[in-house]
Amino acid sequence: MTQNFSWLHRGVAEIFPQPHVGDNDTESLEKRLLNSDRPLRIKLGIDPTGADIHFGHSIPVRKLRAFQDAGHTAVLIIGDFTARIGDPTGKSEVRRQLTEAQVAQNAQTYLDQVRPILDFDTPGRLEVRYNSEWLSRLDLGKTLELLSTMTVGQMLAKEGFAERYKQESPIFLHEFLYPLMQGYDSVAVEADVELGGTDQKFNIAVGRDLQRHFGLKPQFGLLLPILIGTDGVQKMSKSLGNYVGLGEHPSQKYQKFQGVPDNLLSQYFELLTDLPLDSLPENPRHAQEFLAWEIVCQYHGEQVANEAKEAAKSGGKEGTLPEFSLAAIPQFPAKLAFILGATGLCKSGGEGKRKIQEGGVRLDGNKITDIDTSFSEPSELNGKVLQVGKNKFVRLVAG
């Protein structure tokens, strides 16, 4: 029987291992999908090291949904244990370790944001697991067993570690444990396939090695591209400001996607939509508008997408969002809780504090959780969207 695997290969950078030409003994992922007498277990690990997800993070989640739609089981691992170490991949210095409470709060936010993408409702299609379930129970003997499966030389071959070692930057021993713990996740959930960005190949390969060590059939690795940000130059990143957040207002999403550089349009359509790539608008401006409309429609529905489109046409960046003049604030520095009361998004500064503590306040899509957050001058807030809950928004303007 022949099956169309276009859904599998769309937007994929690499699937490994691949059988060599003429090698009839080595199994391919396609063969495993065809011949398995059960749904395969497709693993995606997310470390909740921050509060928000941008559209670059959505790419492996979308591929996880594609596996769900093909009849397989998505195993979404919330790395509540590994997040407290932080993945050292691509980092030039040791990551700040998070508290258990910070990780728990971030994890809930992550789940809320991926809910529109994944099938949470069909029985047997999704398992949400927390890796503290098995990693917190590892005793010293089991930890030593994990450590014995890799050499220091193998660890130092990992990109990031090698650079830091050459530069004589500190590498702490607990960082060596991260790839082993992520790999042990694959053992614990008996993964058949693990999804990740192209920067995760080392960690996914460690999972294959550990599965062999523990007598399991090794998983396949499916690697997805790292999304270039809206600046058209560097990978999408909140710290670089070239991102579109899943939690942003629909009008903000529309405006940002409408401005995606021409040379990135095909990649954005391929990775962020399910549209056939041979029937897209040829005119770049039309393609930008179509991309913006399609993505807003995915997450908010057709009516909201149409409203965002009309708002962009009639009102530019401001769209239909109500504005609040920061000139109404008596003096700066001003606390965010006070600003929430002044804008009318909250009844008072006290309610503003409560909303911040509850995780219900966002500024330009970024969750604010510190009740003492303050701003020195109006220019820090000019043009930003302040949000309370899901439905209350206001754009802040200076003067």
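Cut-offs and rules
- Residues numbered from 1 in each chain as written.
- Predicted model: local features only at pLDDT ≥ 70, side-chain atom pairs only at ≥ 80, totals over all residues.
- Heavy atoms only, no water.
- Helix = DSSP H or I, 4+ residues; strand = E, 2+ residues; numbered from the N terminus.
- Rg over C-alpha atoms; globule rule 2.2 N^0.38 Å.
- Buried < 20%, exposed > 50% of the residue type's maximum accessible area, 1.4 Å probe, protein only.
- Areas by Shrake-Rupley, 256 points an atom, 1.4 Å probe, with all protein chains shown as cover.
- Salt bridge = Lys/Arg side-chain N within 4 Å of Asp/Glu carboxyl O.
- Pairing = 2+ DSSP bridges.
- Axes fitted to C-alpha atoms, helices over the stretch in contact; angles between N-to-C directions.
- Contact = heavy atoms within 4.5 Å.
- Expected span 1.5 Å × (residues − 1).
- Polar contact = N/O pair within 3.5 Å; in protein donor to acceptor, adjacent residues only side chain to side chain.
- Core = buried A, V, L, I, M, F, W, Y, C linked by side-chain atoms within 4.5 Å.
- 1 Å grid on protein atoms, 1.4 Å probe; cavity = no way out; pocket = protein on both sides within 12 Å on 5 of 7 lines; lining within 4 Å.
- Points joined across faces, edges and corners; volume = space filled by probe spheres on them.
- Nonpolar A, V, L, I, M, F, W, Y, C, P; charged D, E, K, R; others polar.
- Patch = residues over 30% accessible without salt bridge, like charges linked within 9 Å, V, L, I, M, F, W, Y side chains within 5 Å.

So, on to the overall build of the protein. Counting its regular elements, the protein contains 16 helices and 13 strands. Computed over C-alpha atoms, the radius of gyration of the protein comes to 23 Å, within 12% of the 21 Å expected from 2.2 N^0.38 for 399 residues, which places it in the range of a compact globule. By its C-alpha atoms, the protein is 70 × 50 × 45 Å across when sized along the principal axes. Within the span of the protein, comprising 399 residues, buried residues form 48% of the whole. Element-wise, carbon and sulfur atoms account for 49% of the exposed surface of the protein, whose accessible area totals about 19,200 Å².

Let us look at the pattern of salt bridges. Using the criterion set out here, one finds 17 salt bridges in the structure. Between Arg129 and Glu133 there is a salt bridge, with its nearest N and O atoms 2.9 Å apart. Residue classification places Glu133 among the partly exposed positions, given a relative accessible area of 34%. Across the pair Asp209 and Arg212 runs a salt bridge whose closest N-O atoms are separated by 2.9 Å. Here Asp209 and its partner Arg212 are both found in helix 10 (residues 201-213), 3 residues apart, which amounts to about one turn of the helix. Through salt bridges with shared partners, a single ionic network connects Glu27, Arg32, Arg38, Asp192 and Lys217.

Let us look at the sheet that holds strand 6 (residues 220-224). Think of a sheet as strands paired side by side through backbone hydrogen bonds, with each pair either parallel or antiparallel. The 6 strands are arranged 1-6-5-2-3-4 in an open sheet whose pairing can be described as mixed. The sheet terminates laterally at strand 1 (14-16) and strand 4 (126-130), the two strands that pair on one side only. Adjacent strand axes in the sheet meet at a mean angle of 20°, parallel and antiparallel pairs treated alike. Pairing geometry for strand 2 (residues 41-46) and strand 3 (residues 73-78), over 6 bridges, is parallel. Each bridged residue has a counterpart across the sheet, and for Ile46 the counterpart in strand 3 is Ile78. Packing of helix 4 (residues 100-114) onto the sheet brings it into contact with strand 2, strand 3 and strand 4, and relative to strand 3 it is tilted by some 150°. Helix 9 (residues 173-189) contacts strand 2, strand 3, strand 4 and strand 5 (193-197) of the sheet and is inclined by roughly 145° relative to strand 2.

As a further point, take helix 4. The first and last C-alpha atoms of helix 4 sit 21 Å apart over 15 residues, in line with the 21 Å expected at 1.5 Å per residue. Those residues of helix 4 lying buried are Val103, Asn106, Ala107, Thr109, Tyr110, Leu111, Gln113 and Val114. Structurally, helix 4 contributes buried residues whose contacts are with strand 2, helix 3 (55-69), strand 3, strand 4, strand 9 (361-363) and strand 10 (366-367).

Inspection of the secondary structure assignment puts Thr343 in helix 15 (residues 336-343). A polar contact of 3.3 Å, which involves the side chain of Thr343, links it to the backbone nitrogen of Leu345. Once residues within four sequence positions are removed from consideration, Thr343 is found in contact with Phe324, Leu386, Val394 and Leu396.

Before going further, it helps to spend a moment on the nonpolar core. Soluble globular proteins tend to pack their nonpolar side chains together in the buried interior. Grouped together as the largest cluster of nonpolar side chains are 57 residues, with contacts concentrated most on Phe55, Leu76, Leu222, Phe257 and Tyr268. A total of 8 residues in this core trace back to one element, the largest contributor, which is helix 13 (residues 284-300). Those residues in contact with Phe55 that sit more than four places away from it in its chain are Leu227, Met236, Val244, Gly245, Leu246, Lys253, Phe257, Leu272, Ile295 and Tyr299. Leu326, Ile339, Val361 and Leu363 belong to the second largest nonpolar core, which has 21 residues in total.

Per the stated rule, a full pass over the model turns up 1 cavity of 30 Å³ or more. Approximately 40 Å³ is the volume attributed to the largest cavity. Contributing to the lining of the largest cavity are Asp52, Ile53, His54, Gln113, Lys238, Tyr243, Gly245, Leu246, Gly247, Gly365 and Asn366. Along the lines of polarity and charge, the residues of the lining of the largest cavity split into 3 nonpolar, 6 polar and 2 charged.

Glancing now at a nonpolar patch on the surface. A grouping of Leu140, Leu144 and Leu147 is seen on the molecular surface, where their side chains present a nonpolar patch of about 300 Å² in accessible area. Take Leu147: it is sitting in helix 6 (residues 140-147).

With that out of the way, let us pick up the side chain of Gln387. On the secondary structure map, Gln387 appears in strand 12 (residues 385-388). The buried category is assigned to Gln387, whose relative accessible area is 8%. Here the side chain of Gln387 touches Gly389 through a polar contact of 2.8 Å, landing on its backbone oxygen. Look past the residues within four positions of Gln387 in its chain and what remains in contact with it is Gly247, Gly360, Val361, Arg362, Lys392 and Phe393.

For Leu227, the location among the structural elements is in the loop between strand 6 and helix 11 (250-258). Separated by 219 residues in the primary sequence, Leu227 and Leu8 place their C-alpha atoms 18 Å from one another.

Here we take up unusual backbone geometry. For the peptide bond that leads from Phe16 to Pro17, omega is 0°, which places it in the cis range. The phi torsion at Glu168 lies on the positive side, around 60°, for a residue other than glycine. Tracing the chain through its elements places Glu168 in the loop between helix 8 (161-166) and helix 9. Phi at Glu190 takes a positive value of approximately 55°, unusual for a residue other than glycine. You can see Glu190 is positioned in the loop between helix 9 and strand 5.

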